[in-house]
Structure formats: C-alpha cells, structure tokens
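# Secondary and tertiary structure notes
The chain contents come next:
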Amino acid sequence: MSQLKIREMPEQERPREKLLARGPDALTNPELIAILLRTGRRGMNVVEVARELLDKYKSFAELSRCSVKELRAVKGIGPAKAIELVAAFNLGKRFAQERLSQQKLDSPELIHELLGGEMRMLQTESLRVVLLDTRYRLKRVESVSTGSMNESIAHPREIFRPAITYSAYAVIVVHNHPSGDPSPSQTDHSLTRRLAEAAELLQIKLLDHIIIGAPGEGSPGYFSFKEAGVL
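Quantities reported herein were computed from a predicted structural model and do not represent experimental measurements. Counting of residues starts from 1 at the beginning of each chain's written sequence and follows it residue by residue. Since the coordinates come from a predicted model, pLDDT governs what is reported: local features require at least 70, and pairs of side-chain atoms require 80 or more to be given and counted, while whole-chain, interface and lining totals use all residues. Hydrogens and water are ignored here; the side-chain numbers use all heavy atoms of the structure.

### Side note on the overall build of the protein
Secondary structure follows DSSP: runs of H or I at least 4 residues long count as helices, runs of E at least 2 residues long count as strands, and numbering of each begins at the N terminus. Looking only at helices and strands, the protein has nine helices and five strands in total. Listing each helix as α and each strand as β along the protein from the N terminus yields α-α-α-α-α-α-α-β-β-α-β-α-β-β. Overall, the protein is about 70 × 35 × 35 Å in size when its C-alpha atoms are taken along their principal axes. Looking at the protein as a whole, 41% of its 231 residues qualify as buried. Here, residues are in contact when the closest pair of their heavy atoms is within 4.5 Å. Considering only contacts in the protein between residues 6 or more positions apart, those separated by 24 or more positions represent 57%. Working definition: with a 1.4 Å probe on protein chains only, accessible area under 20% of the residue-type maximum means buried, over 50% means exposed, and in between means partly exposed.

Here it is in structure tokens:
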C-alpha cells in the first residue's frame, strides 16, 4: 500500500491539478471520487481511499445507492464526505432524468430508460409510481413500497395516493424483479387488474404497469402489461 501523500505526488498527477490541466475525462474513477473526498486517512492517501471505496461497492450504481449512514461506516469517510457523495450521486441521477422529463413519457422504452438502470440494481422489490401531467410529461416519481412485494403492501390506495396528492393526470406503475426475470407472477396480474379498476373509479389514466428485470437474449429487460394487451 502506497503511503505517498497527495502533496508529495507530481503536480500533474494530483486529481485537482490534473482536471484543471487536462479536463475531467483524463481522470480515473478513483481520482474523480478523490476530488469529492478531498483528504485520505492515516497511511492511505485520498485516491487510495477512493479506490478502496469503489472496490468495496464494485460499481457507481452500487455506490450511488448507499445512504449517509452506510458510507460513514467506511474507514476514512466522515459525515461531511458521506453527505457530499450522496449529494453528488443524486445530482447525477437528476441530471440523467432531466432530459426525459421534457418529453412525452408514454412508452415502456422511455420508462425503462428513466428507471431501469437504477431499479435493476436493487436487491429487494420496490414499487414506484410515475406521475404524469395532461401531456404525459413527468411530474415526479414516488416510491410506494420496498421489500417483499405482495398485494397487501402494494395496495391500490397506496399506489394512487401520490397521484391524488400531486394532481396527476396519468400514472405508470413500475416495480422490479431482483431475480432478473421480468415475467409477471399471478400476484402481478392480480394487482394490475385491481389497479385498472381503481384507476377507472378515480378517473386517473393507468397507462402501464412495467416490471423491470435484466436484459437477456431476445428480452429488453422489462415486461409491459400495455404491450401485452392487458391494459
């Protein structure tokens, strides 16, 4: 393990100076994280702490799901650093969604682009409702339930509550299958029927119910009840 401090490194190899001189594309992933962390810990400089962090979580997707509490448990990551990392990843997520928020979200492909990458990495089932205005543009995404999914947790009243609260014209319900297989279960079919009935009563358009899985041979990585002709 190197104990070379950042200030002892050649100036052109220090992350901040390297970014100023050559731009962000010249930096490695640990170097970019190191700029946010700013300082290392005893016996390990900040780039090495950043590399250790990425080795622990394997990918930006995994790291981006960490809470402040989880990050603080990593040696060398205090509360301020943890907060800045969580803020940075959420800015990135919102930036990625910004383009989609300006267009009509009426197809499973676009919803998959909006939420697929994030929900595919979840280790437990999560159900979210995408709220749309009269032009089918994004108002917001609300998380309804997390954990083992069943009809009691994912009750229509809980799913449509955000739509009523934020005066959504239409909704798309999205949940994930951590197994990677997006094929709907009998519970998924039953829930979809109940959602369609509730939507009709509430006069809120249920555009689709989408299940996020993993892409495979001949599979886009999701199942759409609308495409299947159920909705």
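Structure shown, so let's carry the discussion forward.
### Remarks on helix α9 (residues 186-202)
How far a helix is expected to stretch is found by multiplying one less than its residue total by 1.5 Å. In this model, α9 (17 residues) spans 24 Å end to end at C-alpha, consistent with the 24 Å of a helix rising 1.5 Å per residue. Buried residues along α9 sit against β1 (126-132), α8 (156-165), β3 (170-176) and β4 (205-212). Directly beyond the C-terminal end of α9, a positive phi value near 60 degrees is found at Gln-203.

### Thoughts on the pairing of β1
In terms of burial, β1 is a largely internal element, seven of the seven residues being buried. Residue alternation in β1 divides its side chains into two sets, Ser-126, Arg-128, Val-130 and Leu-132 and Leu-127, Val-129 and Leu-131, and both sets are buried. Of the strand pairs in this sheet, β1 and β3 are connected by six bridges, and their pairing is antiparallel. Bridge assignment links Leu-127 to a residue of β3, and that residue is His-175. Think of it this way: DSSP has to see at least two bridges between two strands before they count as a pair.

### Notes on unusual backbone geometry
Phi at Ser-167 takes a positive value of approximately 55 degrees, unusual for a residue other than glycine. As for its placement among the helices and strands, Ser-167 is situated in the loop between α8 and β3. A residue is classified by how much of its surface remains accessible, and Ser-167, at 59% relative accessible area, is exposed.

### Regarding a nonpolar patch on the surface
Patch definition: residues with relative accessible area over 30% and no salt bridge; like charges joined within 9 Å; nonpolar side chains (Val, Leu, Ile, Met, Phe, Trp, Tyr) joined within 5 Å. For accessible areas, the Shrake-Rupley method is used with a probe of radius 1.4 Å. Any residue's cover is judged against the shown protein chains and nothing else. Salt bridge criterion: a side-chain nitrogen from Lys or Arg within 4 Å of a carboxyl oxygen from Asp or Glu. Among the surface-exposed residues, Ile-164, Leu-201 and Leu-202 lie close enough to one another that they form a single nonpolar patch of about 330 Å² accessible area. Take Leu-202: it is sitting in helix α9. Residue Leu-202 is classed as partly exposed on the basis of its relative accessible area of 39%.

### Regarding the packing of aromatic side chains
Pairing of aromatic rings covers Phe, Tyr and Trp, the last counted by its six-membered ring, and requires centre-to-centre distances within 6.5 Å; plane angles under 30 degrees mean stacked, over 60 mean edge-to-face, and any other angle means tilted. Within the structure shown, the criterion is met by three aromatic pairs. Measuring from ring centre to ring centre gives 5.0 Å for Phe-223 and Phe-225, while their planes differ by 85 degrees; the resulting arrangement is edge-to-face. Here Phe-225 falls in the buried class, since its relative accessible area comes to 0%. Definition used: whenever NZ (Lys) or CZ (Arg) falls within 6 Å of the ring centre and also within 35 degrees of the ring normal, the charge is taken to sit over that ring. Its end group placed over the ring of Tyr-166, Arg-140 keeps NZ or CZ at 4.0 Å from the ring centre.

### A word on helix α2 (residues 29-37)
Those residues of α2 not exposed but buried are Pro-30, Glu-31, Ile-33, Ala-34 and Leu-37. Burial along α2 is one-sided: seen end-on, the buried residues are contained in an arc of 160 degrees. Residues of α2 that are buried in the fold lie against α1 (15-22), α3 (46-57), α4 (60-64) and α6 (79-101). An arc is given here, and it is the one of the directions from the helix axis to the C-beta atoms.

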